[in-house]
Amino acid sequence: VQLQASGGGLVQAGGSLRLSCVASGLSFSRYYLTWFRQAPGKERVFVSAIKWNGTPFYADSVKGRFTISRDNAKNTVYLRMNSLKPEDTAVYFCAADRQIINSAVSRPDSYAYWGQGTLVTVSS
């Protein structure tokens, strides 16, 4: 299984970015796909997830600003990030797993497969 994240970059506060994560080696349509982020010196935290049936989950800090989506035909999950803030600066990781209960979606240890991360920097 491989997950390849991309789309990070430098953006001014208030701007937008779209992250992508392409998966291979798994039955993509049956997996939870999730984004976590890790700021320098901090723990990895949950950002957003999308269930196999399209149900989205969001951290409170990004609700109303970020939108997660998936394209099963392209084995790709997206994270559209609008109204970016300096506190959104972090390395963003995509993760995947199949057997997760909804209450554990936000836990990093629920996921067996991880991408390499893409850096998002939001300047003030």
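Everything below is about the structure shown above.
We now turn to the structure provided with this report.

The subject of this paragraph is the sheet that holds strand S8 (residues 76-81). Sheet architecture is open: 4 strands sit in the order S1-S3-S8-S7, paired in antiparallel fashion. The open sheet is flanked by strand S1 (2-6) and strand S7 (66-71), the only strands paired with a single partner. Here the strands of the sheet are splayed against their neighbours by 15 degrees on average, with no regard to which way each runs. Two strands pair when backbone bridges link them, and strand S3 (residues 17-24) and S8 are joined in this way by 6 bridges, in the antiparallel orientation. By the bridge assignment for S8, Arg18 is matched with Arg80.

This part is about the pattern of salt bridges. Opposite charge on two side chains lets them pair, provided their charged atoms get close. Under the counting rule described, the total for this entry stands at 4 salt bridges. A salt bridge links Arg37 to Asp88, with the nearest nitrogen and oxygen atoms 2.9 Å apart. Within this pair, whereas Arg37 is found in strand S4 (residues 32-38), its partner Asp88 is found in the loop between S8 and strand S9 (90-97), the two being separated by 51 residues in sequence. Accessibility expressed as a relative area gives 1% for Asp88, which makes it buried. With a shortest N-O distance of 3.2 Å, Lys63 and Asp60 are connected by a salt bridge. Of the two residues, Lys63 and Asp60, both sit in the exposed class. Among the ionic contacts, a cluster of salt bridges with common partners joins Arg37, Arg65 and Asp88.

Positive phi outside glycine occurs at Asn75, with the angle close to 50 degrees. Along the chain, the position of Asn75 falls in the loop between S7 and S8. For Asn75, a relative accessible area of 24% corresponds to the partly exposed category. In this model, Ser83 sits at a positive phi of 50 degrees, which is unusual for a non-glycine residue. Here Ser83 lies in the loop between S8 and S9. By relative accessible area, Ser83 is classed as partly exposed at 41%.

Below, the discussion takes up the environment of Asn102. With respect to the secondary-structure elements, Asn102 resides in the loop between S9 and strand S10 (113-114). Residues Asn102 and Ser6, spaced 96 residues apart in sequence, show a C-alpha to C-alpha distance of 26 Å. Not counting chain neighbours up to four residues away, the residues in contact with Asn102 comprise Tyr32, Lys51 and Phe57. Within the structure, the side chain of Asn102 is placed 2.8 Å from the side chain of Tyr32, a separation counted as a polar contact.

Turning next to the environment of Ile100. With respect to the element layout, Ile100 can be found in the loop between S9 and S10. Using a relative accessible area of 10% as the deciding quantity, one classes Ile100 as buried. When the C-alpha positions of Ile100 and Tyr32 are compared, they lie 7.5 Å apart, and in sequence the two are 68 residues distant. In this view, Ile100 contacts Tyr32, Val105, Ser110 and Tyr111; residues no more than four positions away in its chain are not counted.

The rules we used
- Residues numbered from 1 in each chain as written.
- Predicted model: local features only at pLDDT ≥ 70, side-chain atom pairs only at ≥ 80, totals over all residues.
- Heavy atoms only, no water.
- Pairing = 2+ DSSP bridges.
- Helix = DSSP H or I, 4+ residues; strand = E, 2+ residues; numbered from the N terminus.
- Axes fitted to C-alpha atoms, helices over the stretch in contact; angles between N-to-C directions.
- Salt bridge = Lys/Arg side-chain N within 4 Å of Asp/Glu carboxyl O.
- Buried < 20%, exposed > 50% of the residue type's maximum accessible area, 1.4 Å probe, protein only.
- Contact = heavy atoms within 4.5 Å.
- Polar contact = N/O pair within 3.5 Å; in protein donor to acceptor, adjacent residues only side chain to side chain.

Honestly, that's just the spatial picture; any functional story needs more than this.
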